[in-house]
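Structural characterization, general
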Amino acid sequence: MNDTVDIIDKGFSCLVETLGVVNAERFIAMIKRDSFDYIVWRREYFDNKSLDEINKEAVSYAKQHPHRGHGKRI
């Protein structure tokens, strides 16, 4: 499998594991329809936060959502 197909397959598997098949499809449709630019969104979101705020949010999220998936190290 080439890198592109492998990345798409792993990404979709992550979405399905988290959202389920129907919501994973809906998510992809919304991203395509809205011309969503992840880079712009990420920059707008994180540029307004301090490193301390980002760290606190990450720690809080990790405590509330312990990993229970079937993730593989790549």
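What you see is a predicted model; the values in this text were computed from it and never measured.

1. Some words on the overall build of the protein chain
When helices and strands are counted, the protein chain shows four helices and zero strands. Taken against the 2.2 N^0.38 rule, which gives 11 Å for 74 residues, the C-alpha radius of gyration of the protein chain at 15 Å runs more than 25% over that of a compact globule. Structurally, the protein chain occupies a C-alpha span of about 40 × 30 × 25 Å along its principal axes. Out of the 74 residues in the protein chain, the part that is buried amounts to 1%. Just so you have it, the protein chain exposes about 7000 Å², and 57% of that area is on carbon and sulfur atoms.

2. Brief notes about the environment of Ile31
Relative to the helices and strands, Ile31 is located in helix H2 (residues 21-33). C-alpha of Ile31 to C-alpha of Ile54: the two residues are 23 residues apart in sequence and 24 Å apart in space.

3. Considering the packing of aromatic side chains
Note on aromatic pairs: each is described by the distance of the centres and the angle between the planes. Inspection of every chain in the model, using the stated rule, returns three aromatic pairs. Pairing Tyr38 with Trp41 gives two aromatic rings, centres 5.7 Å apart and planes at 35°, and the pair type is tilted. With a gap of three residues between them, Tyr38 and Trp41 both fall in helix H3 (residues 38-47), about one helical turn apart. A relative accessible area of 36% means that Trp41 is categorised as partly exposed.

4. A short note on the packing of helix H1 (residues 3-19) against H2
Their axes nearest at 7 Å, the elements H1 and H2 cross at an angle of 125°. For the element pair H1 / H2, the angle class is oblique. In this structure, the crossing between H1 and H2 has a hand that is right-handed. When H1 is examined against H2, the residues Phe12, Leu15, Val16 and Leu19 are found in contact with a partner set consisting of Val21, Asn23, Ala24, Glu25, Phe27 and Ile28.

5. Topic: the pattern of salt bridges
Think of it this way: side chains of opposite charge can pair up when their charged atoms draw near. Enumeration over the complete set of coordinates arrives at three salt bridges. The salt bridge partner of Lys49 is Glu57, with a shortest N-O separation of 2.7 Å.

6. Description of a nonpolar patch on the surface
A cluster of nonpolar side chains, Phe36, Tyr38, Ile39, Trp41, Tyr45 and Phe46, forms an exposed patch at the surface whose accessible area comes to about 560 Å². Positionally, Ile39 belongs in helix H3.

7. Some points on the confidence of the model for the protein chain
Looking at the protein chain, pLDDT values average 85 and 93% of them are 70 or higher. Predicted confidence in the protein chain is weakest over H3, with a mean pLDDT of 86, and strongest over helix H4 (residues 51-64), with 91.

What counts and how
Residues numbered from 1 in each chain as written. Predicted model: local features only at pLDDT ≥ 70, side-chain atom pairs only at ≥ 80, totals over all residues. Heavy atoms only, no water. Helix = DSSP H or I, 4+ residues; strand = E, 2+ residues; numbered from the N terminus. Rg over C-alpha atoms; globule rule 2.2 N^0.38 Å. Buried < 20%, exposed > 50% of the residue type's maximum accessible area, 1.4 Å probe, protein only. Areas by Shrake-Rupley, 256 points an atom, 1.4 Å probe, with all protein chains shown as cover. Phe/Tyr/Trp six-rings, centres within 6.5 Å; stacked < 30°, edge-to-face > 60°. Axes fitted to C-alpha atoms, helices over the stretch in contact; angles between N-to-C directions. Parallel < 35°, antiparallel > 145°, perpendicular 65-115°, else oblique. Left-handed = near helix turned anticlockwise from the far one by under 90°. Contact = heavy atoms within 4.5 Å. Salt bridge = Lys/Arg side-chain N within 4 Å of Asp/Glu carboxyl O. Patch = residues over 30% accessible without salt bridge, like charges linked within 9 Å, V, L, I, M, F, W, Y side chains within 5 Å. pLDDT = per-residue confidence, 0-100.

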